[in-house]
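Fold and geometry: a report
Below are the chains, spelled out letter by letter.
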Amino acid sequence: MNLPNVNARVAVIGAGTMGIGIAQVAASAGHQVQLFDIAASAAQQALNALGQRLRQRVTAGKADAANTEALLARIQPVDALSQLADSELVIEAVAEKLPIKQSLFRDLEALCSPATLFASNTSSLSITAIAGALQHPQRLAGLHFFNPAPLMKLVEIVSGLDTSAETVATMQTLTQQWGKQSVLCRSTPGFIVNRVARPFYAETLRALEEHVADAATLDSVMRDAGGFAMGPLQLTDMIGQDINYAVTESVFQAFFQDPRFTPSLVQQELVAAGRLGRKSGHGFYRYGDHPQPTANYLPASTAALPRSISLHGDPAGMTLLDDLLTGNAVTIKQPGQTSAFARLDEVTFMLTNGKTASQVADETGTPVVLFDLSANYSQASTVAISCAAQNDARHNATVVRLLQSLGKKVIQLPDYPGLLVMRTLAMLANEALDVVNKGVASAADTDHAMCCGVNYPRGPLEWGTALGWQQILTTLENLQHYYGEPRYRPMPLLRHYASLSSGAQ
């Protein structure tokens, strides 16, 4: 076997979007690639379409003509599985149906050399189950690329129960030579990214179901206030509502219908209606000639700025507040405070912790305005807040005026527990900790996968550490109490980290 030498022969089965993308990656690295699809002429059609796209880049001056033609020449469509017999690596990217994949690899094992390595690009099926069809399952691993494969750097290398260390090591070296960044994980539903990412969609979908705000406003909170590259609803429209829903349903069933992965009825309705997002012209948003809706921002406030501003509480929390209120705060450290808050005149202004603003107002005996989490308050264009029912209008207006004076757009959500970014991050971090605790992946690979694979502004574990694990635990416990659901139950490793006096891992 010549792997990972560039002279090694690579085969890709399945000429859909992922298959032709993987073939392009391998050919770009210098491999001779055979492309097979069970549908007659599909492989040739996929290669023709790729050639058209790449030659358009040449015409636009974005690629070299000779290199482009050499790349395309290294991809050879074939019309029979038997033509792949001398391949040294076979990557399948066929339909996400276990019997189909098992049957395919049984046929390949009978055709190919005992030294041939097999890989599946499955995004959610068990690598152990796929490899179970083989007499020598140690030669099969998951190579989960992300769409579009030529552009996305992340590849999840997934070990089944019998995958050998040598197979994994070869896949690591190979993907590195292909210019990819790999992470290692055990075969578990959703692997790293599709498992940990479920709350990113689920919490915004729940807020939409509960009529907290419209889609554009919720997406703006996550994107413009929270710091994520795209809003969850905007992203599911791009992915395809049918694909995103199917992954959630698959993970939900694979985890024995654990409530923390419960699919969304709103998304199910979109799929049933054929409103699949960009590809159908209509999802949460309309596309084509339809104007895109904008978030519901508060109008400019004419209220007076607060007469006095002071910070109270723990140093870490005060730093967070200072980041938001830069140049407007006088720090007053009060030992014994368990959380940070600001006093804007008589108004308590604090980061949400999973309680409603009205609950906090009852506890403090003061007017309360809560603000949502952000990955970077100084760069965020928007701040999301909620206000206690006990407040006078002037209390709310004073806070809004201050935030607008700092150049921030302000979105006022209803008095919703945990607002949106905070509850989402708490759930992401909780899930990431469970991945680490169960030995699915390392903490470093888990964070790297979420940053590199889905472009999160910070890894959930790094973000949780910076925020403080007690804040994450408190948020989830308050949400669990509010809803009375196991969906928000804190994972054991979260309780452990929160119990450490330093909050360090």
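In this numbering scheme, every chain counts its residues from 1 along its sequence in written order. Where totals are concerned, whole chains, interfaces and linings use all residues; where local detail is concerned, this predicted model gives features only for residues with pLDDT of at least 70, and gives and counts side-chain atom pairs only at 80 or more. Side-chain measures here rest on the full set of heavy atoms in the structure, leaving out hydrogens and waters.

For the protein, an unreviewed UniProt entry supplies the name 3-hydroxyacyl-CoA dehydrogenase and the organism Serratia grimesii.

**With respect to the overall build of the protein**
When helices and strands are counted, the protein shows 20 helices and 15 strands. For a compact globule the rule gives 2.2 Å times the number of residues to the power 0.38, and the radius of gyration it is set against comes from C-alpha atoms. For 505 residues, the compact-globule estimate of 2.2 N^0.38 gives 23 Å, and the protein sits close to it at 26 Å. Based on the C-alpha atoms only, the size of the protein along its principal axes is roughly 80 × 50 × 40 Å. For the exposure calls, accessible area comes from a 1.4 Å probe over protein chains only, and a residue counts as buried if that area is under 20% of its type's maximum, exposed if over 50%, partly exposed in between. Of all 505 residues assigned to the protein, the portion counted as buried reaches 55%. In this description, contact between two residues means that some pair of their heavy atoms is separated by no more than 4.5 Å. In the protein, 68% of the contacts between residues at least 6 apart in sequence involve partners at least 24 apart. Carbon and sulfur atoms make up 52% of the accessible area of the protein, which amounts to about 20800 Å² in all. Across the protein, 36 positive and 42 negative side-chain charges occur, with their mean positions spaced 3 Å apart. The helix and strand labels rest on DSSP assignments: H or I over at least four residues marks a helix, E over at least two residues marks a strand, and numbering proceeds from the N terminus. The Shrake-Rupley method, run with a 1.4 Å probe sphere, supplies the accessible areas, and residue values consider only the shown protein chains as cover. In this tally, Lys and Arg are treated as positive and Asp and Glu as negative; His is ignored, and so are the chain termini. In plain terms, the charge of a residue is placed at NZ if it is Lys, CZ if Arg, CG if Asp and CD if Glu.

**A closer look at the packing of aromatic side chains**
Whether two aromatic rings pair depends on their centres lying within 6.5 Å, for rings of Phe, Tyr and Trp, where Trp uses its six-membered ring; planes under 30 degrees apart make the pair stacked, over 60 edge-to-face, and the rest tilted. Tallied over the entire structure, the rule returns 13 aromatic pairs. Residues Phe 228 and Trp 463 carry aromatic rings whose centres are separated by 5.9 Å and whose planes lie at 45° to one another, so their mutual orientation is tilted. Here Phe 228 is found in the loop between helix H9 (215-225) and helix H10 (232-239), whereas its partner Trp 463 is found in helix H18 (residues 460-467), with 235 residues between them in sequence. Given a relative accessible area of 3%, Trp 463 falls into the buried group.

**Section: the pattern of salt bridges**
Just to be clear on terms, a salt bridge is a Lys or Arg side-chain nitrogen sitting within 4 Å of an Asp or Glu carboxyl oxygen. Under the counting rule described, the total for this entry stands at 24 salt bridges. Glu 210 is paired through a salt bridge with Arg 206; the nearest N and O atoms lie 3.0 Å apart. A salt bridge links Arg 307 to Asp 345, with the shortest nitrogen-to-oxygen separation between them at 3.7 Å. Of this pair, Arg 307 sits in the loop between helix H12 (265-273) and strand S9 (309-312) while Asp 345 sits in the loop between strand S11 (341-344) and strand S12 (347-351), placing them 38 residues apart in sequence. Given a relative accessible area of 73%, Arg 307 falls into the exposed group. Relative accessible area serves as the criterion here: at 17%, Asp 345 is assigned to the buried category.

**Focus: the pairing of strand S14 (residues 382-387)**
Burial within S14 is extensive, with 6 of its 6 residues counted as buried. Residues Thr 382, Ala 384 and Ser 386 of S14 are buried on one face, and the alternating residues Val 383, Ile 385 and Cys 387, pointing to the opposite face, are buried as well. Between any two strands, at least two bridges found by DSSP are needed for them to pair. Taken together, the 3 bridges between strand S13 (residues 368-371) and S14 define a ladder with antiparallel strand orientation. When the sheet's bridge partners are listed, Val 369 is paired in S14 with Cys 387. Note that S14 and strand S15 (residues 409-412) share 4 bridges and pair parallel.

**Looking at the UniProt feature "domain: 3-hydroxyacyl-CoA dehydrogenase NAD binding" (unreviewed entry) in the protein**
Under the local residue numbering, the UniProt record ascribes the feature "domain: 3-hydroxyacyl-CoA dehydrogenase NAD binding" (unreviewed entry) to residues 10-186. Helix makes up 40% of residues 10-186 and strand 22%, with an end-to-end C-alpha separation of 24 Å. UniProt positions are given in the numbering used here, feature names are shortened, and annotations may be inferred rather than shown by experiment.

**Examining the sheet that holds strand S1 (residues 9-13)**
Where strands meet in a sheet, backbone hydrogen bonds hold them as pairs that are either parallel or antiparallel. With mixed pairing, 8 strands are arranged side by side in an open sheet as S3-S2-S1-S4-S5-S6-S7-S8. Only two strands of the sheet have a single partner each, and these edge strands are strand S3 (75-78) and strand S8 (181-186). In this sheet, neighbouring strand axes are inclined to one another by 25° on average, regardless of whether the strands run parallel or antiparallel. Where S1 and strand S4 (residues 89-92) come together, 4 bridges link them in parallel fashion. By the bridge assignment, Val 10 is partnered in S4 with Leu 89. Axis lines are fitted to C-alpha atoms, over the contacting stretch for helices. Their N-to-C directions set the angle, which ranges from 0 to 180 degrees. Relative to the sheet, helix H6 (residues 165-177) contacts S4, strand S5 (117-120), strand S6 (140-145), strand S7 (154-159) and S8, its axis offset from that of S7 by approximately 175°.

**Quick word on the nonpolar core**
We call a set of buried residues a nonpolar core when its members are Ala, Val, Leu, Ile, Met, Phe, Trp, Tyr or Cys and they connect through side-chain atoms within 4.5 Å of each other. Ranked by internal contacts, the top residues of the largest apolar core, which has 108 residues, are Leu 108, Leu 325, Phe 349, Phe 371, Leu 373, Ile 385 and Trp 469. In terms of residues, this core owes the most to one element, helix H16 (residues 421-437), which gives 10 residues. In this structure Phe 349 touches Leu 321, Leu 324, Leu 325, Phe 341, Ala 342, Leu 344, Val 369, Phe 371, Val 399 and Leu 403, once residues within four positions along its chain are discounted. Residues Leu 47, Leu 54, Ala 119 and Leu 143 belong to the second largest nonpolar core, which totals 35 residues.

**Side note on the packing of H10 against helix H11 (residues 241-254)**
As a packed pair, H10 and H11 sit with axes 6 Å apart at the nearest point and diverge in direction by 105°. Here H10 is positioned roughly perpendicular relative to H11, judged by the angle of their axes. Here Leu 233, Thr 236, Asp 237 and Ile 239 of H10 lie close against H11, whose contacting residues are Gln 241, Ile 243 and Asn 244. For this classification, Asp, Glu, Lys and Arg are treated as charged, while Ala, Val, Leu, Ile, Met, Phe, Trp, Tyr, Cys and Pro are nonpolar and the rest, including Gly, are polar. Of the residues contributing to the contact of H10 with H11, the split by class is 3 nonpolar, 3 polar and 1 charged. For classification purposes, angles smaller than 35 degrees are called roughly parallel, those larger than 145 roughly antiparallel, those between 65 and 115 roughly perpendicular, and all remaining angles oblique.

**Focus: the UniProt feature "domain: 3-hydroxybutyryl-CoA dehydrogenase reduced Rossmann-fold" (unreviewed entry) in the protein**
In the UniProt entry, the feature "domain: 3-hydroxybutyryl-CoA dehydrogenase reduced Rossmann-fold" (unreviewed entry) is given for residues 350-417. The straight-line gap between the two end C-alpha atoms of residues 350-417 is 13 Å; of that span, 31% is helix and 24% is strand.

**A look at helix H19 (residues 469-483)**
Taking 1.5 Å of rise per residue, the 15 residues of H19 would be expected to cover 21 Å, and the 21 Å separating its terminal C-alpha atoms lies within 8% of that figure. Of the residues making up H19, those classed as buried are Trp 469, Gln 471, Ile 472, Leu 473, Thr 475, Leu 476, Asn 478, Leu 479 and Tyr 483. Looking at the buried positions of H19, the neighbouring elements they touch are helix H8 (198-209), S12, H16, H18 and helix H20 (492-499). Once H19 finishes, Gly 484 follows within two positions and takes phi at roughly 65°, a positive value. Helix span, expected: 1.5 Å multiplied by one less than the number of residues in the helix.

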